[in-house]
Amino acid sequence: MSAECSSYLNADKVLVSGFSCPRTGGDARAVYCCGFQDVKYCCDDPHSFFPYEHSYMWWLSVGALVGLSIAAVVLFAFIITVCVLCYLFISTKPRSKLDTGLSLQMTGELLQTHIVSCRGKAFC
């Protein structure tokens, strides 16, 4: 089995003459014409010929880079916003605990008074 790669103009607009696949001295499995309209070569995958110029793929790459850059900036802005909000939340909390007005522990005198007043009672 062999395939014919037709003549084409490369990226420098130089005419490259057609050739047969597999090429002499090349891989015997590379029986298909692959590549783009402006870059052709022999390969072993029958679905590797793309009917547009190689520079088209470059624009896809630039588009992907622009999209990823925008996504990175948005993610960075989100992380900075979360950090600032956390800092503001922590820094605006009161430093000391609020006084509820209730004493949860009895001091020594109050405890003695309480014990004396509770003698002889079932519940105090």
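Residues numbered from 1 in each chain as written. Predicted model: local features only at pLDDT ≥ 70, side-chain atom pairs only at ≥ 80, totals over all residues. Heavy atoms only, no water.

In the nomenclature of an unreviewed UniProt entry, the protein is known as SHL2A protein of Ramphastos sulfuratus. The UniProt entry for the protein carries this comment under Subcellular location (unreviewed entry): "Membrane". (UniProt positions renumbered as here; feature names shortened; annotations may be inferred.)

Trainee: Sorry if this is basic, but what is going on with the overall build of the protein here?
Mentor: When its secondary structure is counted, the protein shows two helices and six strands. Across the 124 residues that make up the protein, the buried fraction comes to 14%. In the protein, of all internal contacts separated by at least 6 residues, the share reaching a separation of at least 24 is 21%. Looking at the protein as shown, the accessible area adds up to about 10500 Å², and 66% of this sits on carbon and sulfur atoms. (Helix = DSSP H or I, 4+ residues; strand = E, 2+ residues; numbered from the N terminus. Buried < 20%, exposed > 50% of the residue type's maximum accessible area, 1.4 Å probe, protein only. Contact = heavy atoms within 4.5 Å. Areas by Shrake-Rupley, 256 points an atom, 1.4 Å probe, with all protein chains shown as cover.)

Trainee: I tried to follow the packing of aromatic side chains on my own but got confused; where do I start?
Mentor: For any pair of aromatic rings, the description consists of the separation of the ring centres together with the inter-plane angle of the planes. Considering all chains together, one arrives at zero aromatic pairs under this definition. Above the face of the F19 ring, R23 is positioned so that its terminal group lies 3.9 Å from the ring centre. (Phe/Tyr/Trp six-rings, centres within 6.5 Å; stacked < 30°, edge-to-face > 60°. Lys NZ or Arg CZ within 6 Å of the ring centre and 35° of its normal.)

Trainee: Explain unusual backbone geometry here, please?
Mentor: Leaving glycine aside, a negative phi is the common case for residues, and trans is the common case for peptide bonds. With an omega of 0°, the peptide bond running from C21 to P22 counts as cis. Non-glycine residue K13 carries a positive phi angle of around 65°. Counting through the fold element by element, K13 comes out in the loop between β2 (8-9) and β3 (15-16).

Trainee: Is there a simple way to explain the state of the cysteines in this structure?
Mentor: Two cysteines, two sulfur atoms, one covalent bond between them: this is a disulfide. If you walk through the whole model with that rule in mind, you get three disulfides. Paired by a disulfide, C5 and C33 hold their sulfur atoms 1.9 Å apart. With the S-S dihedral at roughly 125°, the linkage between C5 and C33 falls on the right-handed side. Taken as a pair, C5 in strand β1 (residues 3-5) and C33 in strand β5 (residues 32-35) lie far apart in primary sequence, 28 residues in all. (Disulfide = S-S within 2.5 Å.)

Trainee: How do you make sense of the nonpolar core when you look at a structure like this?
Mentor: Soluble globular proteins tend to pack their nonpolar side chains together in the buried interior. C5, Y8, F19, C21, A30, C33 and C42 form the largest nonpolar core, which has seven residues in total. When residues no more than four places from it in sequence are discounted, the contact partners of F19 are A3, E4, C5, Y8, K40, Y41 and C42. (Core = buried A, V, L, I, M, F, W, Y, C linked by side-chain atoms within 4.5 Å.)

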